[in-house]
Amino acid sequence: MWSNSIGKAFAVTCFGESHGPGVGVTIDGCPAGLQLTSGDVQEALNLRIPEEKAVVSARREPDMVEVFSGVFQDYTTGAPITLHIRNREARPSDYEALKDIVRPGHADYPAKIKYGGFSDYRGGGRLSGRMTAAFVAAGAVANKLLAGLGVEVLSYTLSIGRLRLPTSPSPDDARKLTYENPMRCPNPAMAEQMRTVVLDAKADGDSLGGIVECIVTNLPVGVGEPLFDSLDAELAKILFGIPAVKGVEFGAGFEAARLKGSENNDQFTLKEGKIVTLTNNSGGVLGGMSTGMPLLLRVAFKPPSSIAKEQKTVNVARMEESVLAVKGRHDPCVVPKAVPVVRAMVSIETADLMIRGGMIPRVLKS
C-alpha cells in the first residue's frame, strides 16, 4: 500500500501525481483561530522555483493554490484544511516511450514490481519531485502557526557539487540573502560559483547534487517525544519523504564520530539568566528533545537522475538490455528548489510535535 500521511496532531495527507490533474494536501489538526488566507500559502509557493530558467527544469507550473476547506473568514476553523494545486504544464505523452524502460536512478523498477505494473509511470507519478509543491503548501500553514509563537525556520543552500560555504551564515544573512539569487545561497560570491558549475554540468548533459542546511530559532526546550517520536527521528523521517534525499544529519553530524567527548560535548553556561551552551555540536537536540539552542540540520540531495548522457538500462516488457539518454524538461540540480521544501517539512513536523507536547493549544486566542 501507499503511505501518504505523516504527523499525529498536525496530520498531513498528500495526494496527486506529477502529470495528473493536480497535487495537494489535507491538513487535519491545525488549531482553530489561526489567521490564514490563500495569499499566505501562495507566497510560499511562489518561492518554490527560482526565476532563472537556465538553472531549473523547463516545466514551470504556476502553482496557484485553491483552499477547499477549513478556512472561514480568513481564520482556520479547526476542520481539515484542503489545499489544491492544479497541474497546468503536465505533458503525460512525454513518458509513453519510457513506460517499459526503467530509468537509472529513478524508482521506476521497484514501483513496477511492488504495484504490479499499475503505478503511474508518467514522470514518476506519486514519486516525483512535483509532490513537493503540496509539501510547500502544507508547510506554509505550519510555518505561520510557528511564527505566531516566535519560532523561525530558515533554510538555504550550503553546498552544490564540491562547492561549499566555509561556515554557516548568520540567521540575519539567511533571512535576507537566500532568495536574492537562483542558487538560494546566502553568500552572493559563492552563489555565482555554484550557478557556473550547475550550468557547466547541464551543458555536459549531466547533473549535480548538494546540501541544504536548516536552522530553527526560538524553539522552546523539550520539543520531541522520546524514545521513538523524538525530535530528530521525526524530522529525519519527514525529510526522507522528499524525493532525492540521501542523508540527514544534526549539528556536528558524522563529524562527531571523529571527535573526543571533551570536544563534542556542548558545555552549559548562563547568559543573561538563561541556560545556554558554549557550542552547538548537538544541533540543538539531546535525547530526542530540543535544548533551547538553535536546531541545526543538513539534508543531502543526490544529483537528478534524468540526464542526457547515455546510460545502460533494461526494457522490462521485452526483458532486453537497452540504452537511454533522457530527453525533456529536467533539473540539472534540485538543491535550489529544495530549499523551501526543507523549510516546509521541518515546519510541519515541528508544529506537529509542539501540538503533541502541549506547547501549541488546539484553539488559538485572538
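Procedures and definitions
- Residues numbered from 1 in each chain as written.
- Predicted model: local features only at pLDDT ≥ 70, side-chain atom pairs only at ≥ 80, totals over all residues.
- Heavy atoms only, no water.
- Axes fitted to C-alpha atoms, helices over the stretch in contact; angles between N-to-C directions.
- Helix = DSSP H or I, 4+ residues; strand = E, 2+ residues; numbered from the N terminus.
- Parallel < 35°, antiparallel > 145°, perpendicular 65-115°, else oblique.
- Left-handed = near helix turned anticlockwise from the far one by under 90°.
- Contact = heavy atoms within 4.5 Å.
- Nonpolar A, V, L, I, M, F, W, Y, C, P; charged D, E, K, R; others polar.
- Pairing = 2+ DSSP bridges.
- Salt bridge = Lys/Arg side-chain N within 4 Å of Asp/Glu carboxyl O.
- Core = buried A, V, L, I, M, F, W, Y, C linked by side-chain atoms within 4.5 Å.
- Buried < 20%, exposed > 50% of the residue type's maximum accessible area, 1.4 Å probe, protein only.
- Phe/Tyr/Trp six-rings, centres within 6.5 Å; stacked < 30°, edge-to-face > 60°.

**Some thoughts on the packing of helix H1 (residues 38-45) against helix H3 (residues 132-147)**
For step 1, the next point in the chain: Packing of H1 against H3 leaves a shortest axis separation of 8 Å and a crossing angle of 125 degrees. In terms of orientation, H1 lies oblique with respect to H3. The handedness of the crossing between H1 and H3 comes out as right-handed. Here Asp40, Val41, Ala44 and Leu45 of H1 come into contact with H3, specifically with Ala133, Val136, Ala137, Ala140, Val141 and Lys144.
For step 2, the next point in the chain: Grouping the constituent residues of the contact of H1 with H3 by class yields eight nonpolar, no polar and two charged.

**Thoughts on the sheet that holds strand E1 (residues 5-6)**
For step 1, the next point in the chain: Spatially, the five strands line up as an open sheet ordered E1-E2-E3-E7-E4, and their pairing is antiparallel. The open sheet terminates on both sides in strands that have one partner only, identified here as E1 and strand E4 (65-69).
For step 2, the next point in the chain: Relative to strand E2 (residues 11-16), E1 runs antiparallel, the two being bridged by two bridges. Bridging across to E2, Ser5 finds its partner in Thr13.
For step 3, the next point in the chain: Across the face of the sheet, H1 comes into contact with E4 and strand E7 (81-86) while running at roughly 140 degrees to E4.

**Quick notes on the pattern of salt bridges**
Where charged atoms from two side chains of opposite charge approach closely, those side chains can pair.
For step 1, the next point in the chain: The final tally for this structure, using the stated rule, is 21 salt bridges.
For step 2, the next point in the chain: The salt bridge partner of Glu192 is Arg195, with a shortest N-O separation of 3.4 Å. Within this pair, Glu192 and its partner Arg195 are both found in helix H5 (residues 188-203), separated by three residues, close to a single helical turn.
For step 3, the next point in the chain: Salt-bridge contacts for Lys309 lead to Asp204; the nearest nitrogen and oxygen are separated by 3.5 Å.

**Re the nonpolar core**
For step 1, the next point in the chain: Judged by nonpolar contacts, the single largest core of 80 residues is most densely connected at Phe10, Ile27, Val141 and Leu239.
For step 2, the next point in the chain: Sorting elements by how many residues they give to this core places helix H8 (residues 335-356) first, with 13 residues.
For step 3, the next point in the chain: Each residue touching Ile27, except ones within four places of it in the same chain, is listed here: Phe10, Ala11, Val12, Ala79, Pro80, Ile81, Leu83, Ala138 and Val141.

**Considerations on the packing of aromatic side chains**
For step 1, the next point in the chain: Inspection of the entire model under this criterion finds one aromatic pair.
For step 2, the next point in the chain: Aromatic side chains Trp2 and Tyr115 sit 4.4 Å apart centroid to centroid with 5 degrees between the ring planes, which places their arrangement in the stacked category. With Trp2 in the segment before E1 and Tyr115 in the loop between helix H2 (108-114) and H3, the pair connects residues that are 113 residues apart, well separated along the chain.

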